[in-house]
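Here is how the chains run, residue by residue.
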Amino acid sequence: MIARMWSAQATPAQAPAYVEHLRNQVLPNLSSVDGYGGAQLLERTIAGRVEILVITFWRSVDAIRAFAGDDLERAVVAPEAAAMLAEFDRRVRHYDVVVRDGL
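Parameters at a glance
- Here the residue numbers are simple positions, counted from 1 along each chain's written sequence.
- Local features in this predicted model are restricted to residues whose pLDDT is 70 or higher, and side-chain atom pairs enter the listing and the counts only when it is 80 or higher, whereas totals over whole chains, interfaces and linings include all residues.
- In computing side-chain values, all of the structure's heavy atoms are included and hydrogens and water are not.
- To form a nonpolar core, buried Ala, Val, Leu, Ile, Met, Phe, Trp, Tyr and Cys residues must be joined to one another through side-chain atoms within 4.5 Å.
- Per-residue accessibility, obtained with a 1.4 Å probe over protein chains only, is compared with the maximum for each type, and a residue is labelled buried under 20%, exposed over 50%, and partly exposed between these values.
- Note on contacts: a residue pair is in contact if any heavy atoms of the two residues lie within 4.5 Å.
- A run of H or I in DSSP counts as a helix once it spans at least four residues, and a run of E counts as a strand once it spans at least two, with each numbered from the N terminus.
- Between N or O atoms, a polar contact is any pair within 3.5 Å; within protein, one atom must be a potential hydrogen donor and the other a potential acceptor, and residues adjacent in sequence are included only when both atoms are from side chains.
- Expected span of a helix: the number of residues minus one, times 1.5 Å.
- Note on aromatic pairs: the rings of Phe, Tyr and Trp (six-membered ring only in Trp) are paired at centre separations within 6.5 Å, and the planes decide the class, stacked below 30 degrees, edge-to-face beyond 60, tilted for the rest.
- Along the arc lie the directions from the helix axis toward the C-beta atoms.

Caption draft 1: Structural detail: the nonpolar core. Counting 14 residues, the largest nonpolar core has Trp6, Ala10, Tyr18, Ile52, Val54 and Leu85 as its most contacted members. Those residues in contact with Tyr18 that sit more than four places away from it in its chain are Trp6, Leu41, Ile52, Val54, Ala81, Met84 and Leu85. Listed in part, the nine residues of the second largest apolar core include Tyr36, Ala63, Ile64 and Leu72.

Caption draft 2: Representation of the side chain of Ser7 within the structure. Within the secondary structure, Ser7 is located in strand S1 (residues 2-10). Residue classification places Ser7 among the buried residues on the basis of a relative accessible area of 15%. A polar contact of 2.7 Å, which involves the side chain of Ser7, links it to the side chain of Asp89.

Caption draft 3: Fine view of helix H1 (residues 15-31). With 17 residues, H1 should reach 24 Å at 1.5 Å per residue; the first-to-last C-alpha distance of 23 Å fits that figure. All buried positions along H1 are accounted for by Ala15, Tyr18, Val19, His21, Leu22 and Leu30.

Caption draft 4: Representation of the environment of Arg100. With respect to the helices and strands, the residue Arg100 is situated in the segment after strand S5 (93-96). Placed 51 residues apart in sequence, Arg100 and Arg49 show a C-alpha to C-alpha distance of 30 Å. In this structure Arg100 touches Met1, Gly37 and Phe57, once residues within four positions along its chain are discounted.

Caption draft 5: Region of interest: the packing of aromatic side chains. What the rule picks out here adds up to four aromatic pairs. Centroid distance Trp6 to Tyr18: 6.0 Å. Interplanar angle 40 degrees. Geometry classified as tilted. A residue pair is termed long-range when its members are at least 10 positions apart, and Trp6 in strand S1 and Tyr18 in helix H1 qualify at 12 residues. The same class applies to Trp6 as to Tyr18, namely buried. Ring plane angle 20 degrees and centroid distance 5.5 Å describe the contact between Trp58 and Phe67, whose orientation is recorded as stacked. Members of the aromatic cluster, joined through ring pairs, are Trp6, Tyr18 and Phe88.

Caption draft 6: Geometry of helix H2 (residues 61-68). Inspection of H2 places Ala63, Ile64 and Ala68 among the buried residues, and these make up the whole buried set. Mapping the buried residues of H2 onto a view down its axis gives an arc of 120 degrees, with all of them on the same face. In this structure, H2 carries Asp62 and Ala66 as exposed residues pointing more than 90 degrees from its buried face. Buried residues along H2 sit in contact with S1, strand S3 (49-58) and S5. Where H2 begins, the capping side chain belongs to Ser60, and its oxygen is found 3.4 Å from the backbone nitrogen of Asp62. Just downstream of H2, Gly69 is the residue with a positive phi angle, here 90 degrees.

And the structure:
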């Protein structure tokens, strides 16, 4: 399993809109990609902004490629999502999942 991590910041007013975008637009699309293994969205408020961390799980590099294209570390951010965010990573980070305990 591979974890794909991406972070962004939003204003407190815009953060809920991004959550809805992820829930209603992104996750349904990801679910159709063979090898997609789920996602988590984490938030924390810091210095008047909401920091957002999105972690998606993938069964292989090929599954990530089917979603992101050949540049595996390029962040995939739709224009409507970018408009909701104060700033966001242009590149993502990948980690091998070594231990995963159920929730």
